[in-house]
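One letter stands for each residue in the lines below.
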Amino acid sequence: MAKYLLSVHSVEGAVRDPMTAEEMQHFMERVGILEQEMESAGAWVFGGRLHEPDTATVVRMSDGEPLTTDGPFAESKEHLGGFYIIEAKDLDAALAWASKVTEAIKTPIEVRPFSHESKP
């Protein structure tokens, strides 16, 4: 089975309707059920939510020395908010999981295959 990255994207400044405590609890339950479904199906590898882009630090080489700068690598209104790494038999199966994720969390999901298997 191939591994795929399901990227959860957010748009800076996009305003969602505020959720009540009950709506937030229902949202978290939906996500939990989806993640349990992925795990039960053997698709779940790893997932996580990221802090805001302004918490990022970029490391690059400059004159042979590592240089760090605060902030995201690319200045953009759209940013990676979280991700899932899944295993799926093919792209269609990965897209089916992405469809379930976008339905549960109501944000765009980008699907990308890994170029090769990495070592454990």
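These figures come from a predicted structure and were not determined experimentally.

A.B. asks: Lay out helix H2 (residues 91-105) with the relevant residues and their values.
C.D. replies: Here H2 contains 15 residues, and its C-alpha end-to-end distance of 21 Å stays within 8% of the 21 Å for a straight helix at 1.5 Å per residue. Looking at the buried positions of H2, the neighbouring elements they touch are strand S1 (2-11), helix H1 (21-40), strand S5 (78-88) and strand S6 (109-113). For H2, the N-terminal capping position is held by aspartate 90, with its side-chain oxygen 3.2 Å away from the main-chain nitrogen of aspartate 92. Lysine 106 occupies a position one or two residues after H2 and carries a positive phi of about 65°.

A.B. asks: Account for the sheet that holds S1, with residues named and values stated.
C.D. replies: Spatially, S2-S5-S1-S6 is the arrangement adopted by the four strands of the open sheet, whose pairing is antiparallel. Looking at strand neighbours, the two that pair on one side only are strand S2 (44-49) and S6, the edges of this open sheet. Within the sheet, the average angular offset between the axes of one strand and its neighbour, ignoring direction, is 20°. When S1 meets S6, the two strands line up antiparallel, connected through five bridges. By the bridge assignment for S6, tyrosine 4 is matched with proline 113. Seen against the sheet, H1 touches S1, S2 and S5 and runs at an angle of roughly 35° to S5.

A.B. asks: Tell me about the packing of aromatic side chains, and please be specific about residues and values.
C.D. replies: Inspection of every chain in the model, using the stated rule, returns two aromatic pairs. Centre to centre, the rings of phenylalanine 46 and phenylalanine 83 are 5.7 Å apart; their planes meet at 35°, and the pair counts as tilted. Of this pair, phenylalanine 46 sits in strand S2 while phenylalanine 83 sits in strand S5; the two residues are 37 residues apart in sequence, bridging distant segments of the chain. When its relative accessible area of 46% is taken as the criterion, phenylalanine 46 is described as partly exposed. Residue classification places phenylalanine 83 among the buried residues on the basis of a relative accessible area of 18%. Residue placement shows lysine 100 over the ring face of tryptophan 97; its charged tip is 5.1 Å from the ring centre.

A.B. asks: Mind laying out the environment of serine 99, listing which residues take part and the relevant values?
C.D. replies: For serine 99, the position within the fold is in helix H2. Judged by relative accessible area, serine 99 falls into the partly exposed class, the value being 43%.

Calculation criteria
- Residues numbered from 1 in each chain as written.
- Predicted model: local features only at pLDDT ≥ 70, side-chain atom pairs only at ≥ 80, totals over all residues.
- Heavy atoms only, no water.
- Helix = DSSP H or I, 4+ residues; strand = E, 2+ residues; numbered from the N terminus.
- Expected span 1.5 Å × (residues − 1).
- Contact = heavy atoms within 4.5 Å.
- Polar contact = N/O pair within 3.5 Å; in protein donor to acceptor, adjacent residues only side chain to side chain.
- Pairing = 2+ DSSP bridges.
- Axes fitted to C-alpha atoms, helices over the stretch in contact; angles between N-to-C directions.
- Phe/Tyr/Trp six-rings, centres within 6.5 Å; stacked < 30°, edge-to-face > 60°.
- Buried < 20%, exposed > 50% of the residue type's maximum accessible area, 1.4 Å probe, protein only.
- Lys NZ or Arg CZ within 6 Å of the ring centre and 35° of its normal.

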